[in-house]
Amino acid sequence: LPLLLEATLLRLASGSHHPFYNGFYYNHLMNDKGNGQEEVDYFNGAKLVVETSKDPVYSSSGANVTLPCHYHYEPDMEAKPKIRIKWSKLRDDYTKEHDVLVAIGKTYMAFGDFQGRAHLRQVSRREASLVISDVRLQDDGKYRCEVIDGLEDESDVVDLRLQGIVFPYQPPRGQYRLNFHEAEQVCQEQGAILATFNQLFQAWSEGLDWCNAGWLADGTVQYPIRLPRKPCGGLHLAPGIRSYGPRHRHLHRFDAFCFSSGLKGEVFYLDHPAGMTLEEAKQSCQDAGAEIARVGQLYSAWKFLGLDRCNAGWLADGSVRYPITKPRANCGPAEPGVRSFGFPSKGRFGVFCYKER
């Protein structure tokens with residue numbers, strides 16, 4: 001029986017279910033004309049309705065989140081004892097989906113990265129909510145809640161958005177040196193992932209203005225402009241997201257837009273009267289029971305924890321930066337931000353360390 005149930009769940013996960021409702025239940029019956037064609041026999045029935053949150057559900061990296069989903073019938077009727085429920089994660093353009101979880105009754109199976117992190121919450125009648133624990137950066141996106149009751153198959157979509165920050169990234173080699181796959185890698189190395197268009201658009205609406213084009217998660221290359229200017233698409237274009245469209249993921253090279261979310265720990269600054277080399281800085285963090293901070297961690301600490309330090313410090317990628325939330329004299333431009341000294345081959349600085357709580 002367990003093997004049979006598992007096989008049923010797998011077929012449900014891989015099957016192609018298309019939501020439909022025509023006002024009736026239906027049965028396919030062979031007609032009596034003897035030509036082998038099917039006809040559809042309609043009869044009155046109750047409409048299955050699936051509802052999720054119309055507003056986005058917000059969470060952050062490392063947290064637990066519940067994506068609400070409920071279903072009912074119009075007019076009201078009793079549901080079958082073993083309703084089938086399927087949760088899928090969608091691409092932004094709805095062209096592809098990844099199985100998250102399928103369930104029959106109280107038995108469920110999670111898939112891929114969601115194994116051990118996803119389960120159903122069914123504390124109320126006709127609830128099919130999805131609980132995701134230890135939220136990861138890749139969990140950001142749209143999810144479909146699908147309920148199947150016999151021939152009735154209805155679904156709705158809920159949007160999970162991680163509270164985070166988008167930051168542009170160039171490697172030590174300089175501008176426009178990354179193909180798509182290298183851009184993915186450098187973001188991961190900095191405690192982040194490639195940003196989606198929606199994340200870049202949100203960052204632009206919050207003030208991000210950057211004239212260098214960078215890869216996004218969908219393989220397009222874009223950049224956000226708040227103040228139109230000649231080198232950045234021209235003065236005649238309105239503010240917005242400039243797009244180069246999809247680029248060749250191996251051959252074309254640009255910068256990257258990375259996305260990082262909240263932190264499970266803290267970023268702190270260490271200094272030495274004579275400053276430190278990069279290797280000395282790494283050792284100082286280890287001696288403090290921490291590790292040298294990555295770029296994404298510094299940006300997250302700046303945005304979400306209000307980290308403000310007018311002293312430059314080493315980071316894990318060999319860059320030297322410092323975060324300013326309250327602009328002041330001798331601390332860079334008049335706007336808040338993370339300042340960069342680039343990737344100095346020589347010099348002695350402090351260091352930003354990261355330690356999980």
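Residues numbered from 1 in each chain as written. Predicted model: local features only at pLDDT ≥ 70, side-chain atom pairs only at ≥ 80, totals over all residues. Heavy atoms only, no water.

**A few points about the state of the cysteines**
Counting across every chain of the model gives 5 disulfides. Covalent S-S linkage joins Cys-187 and Cys-258, the inter-sulfur distance amounting to 2.1 Å. Sign of the S-S torsion, about -80° for the bond between Cys-187 and Cys-258, identifies this disulfide as left-handed. Of this pair, Cys-187 sits in helix H2 (residues 180-189) while Cys-258 sits in strand E19 (residues 255-261), placing them 71 residues apart in sequence. (Disulfide = S-S within 2.5 Å. Helix = DSSP H or I, 4+ residues; strand = E, 2+ residues; numbered from the N terminus.)

**What to know about the pairing of strand E7 (residues 84-90)**
Working note: regular strand, side chains alternate between the two faces of the sheet. Counting buried residues along E7, 6 of its 7 residues qualify, which places the element largely inside the surrounding structure. Pairing of E7 with strand E8 (residues 97-104) involves 7 bridges; the strand directions are antiparallel. Directly across from Trp-87, in E8, lies its bridge partner Leu-101. The antiparallel pairing of E7 with E8 creates a hairpin that spans 6 residues between the two strands, and Tyr-94 there sits at a positive phi of about 65°. (Buried < 20%, exposed > 50% of the residue type's maximum accessible area, 1.4 Å probe, protein only. Pairing = 2+ DSSP bridges.)

**With respect to the confidence of the model for the chain**
For the chain, the average pLDDT comes to 87, and 87% of its residues sit at 70 or higher. Note on residues 15-34: pLDDT is under 50 here. Beyond four places in sequence and across chains, it has 50 contacts. Here residues 36-44 scores under 50 on pLDDT; set against residues more than four positions off or in separate chains, the count is 26 contacts. (pLDDT = per-residue confidence, 0-100. Contact = heavy atoms within 4.5 Å.)

**Side note on the pattern of salt bridges**
Going through the model one piece at a time under the given rule, you end up with 15 salt bridges. Lys-282 is the salt-bridge partner of Glu-279, the closest N and O atoms lying 3.7 Å from each other. Here Glu-279 and its partner Lys-282 are both found in helix H4 (residues 278-287), 3 residues apart, which amounts to about one turn of the helix. Owing to a relative accessible area of 26%, Lys-282 belongs among the partly exposed residues under this scheme. The network of salt bridges with shared partners includes Lys-86, Glu-97, Asp-99 and Arg-144. (Salt bridge = Lys/Arg side-chain N within 4 Å of Asp/Glu carboxyl O.)

**Some thoughts on the pairing of E19**
In terms of residue burial, E19 counts as a mostly covered element, since 7 of its 7 residues are buried. Residues Asp-255, Phe-257, Phe-259 and Ser-261 point to one face of E19 and Ala-256, Cys-258 and Ser-260 to the other, with burial holding for every one of them. Relative to E19, strand E14 (residues 164-169) is paired through 6 bridges, and the arrangement is antiparallel. Looking at E19, one finds that Val-166 is bridged to Phe-259. One ladder, built from 2 bridges, connects strand E15 (residues 193-194) with E19; its direction is antiparallel.

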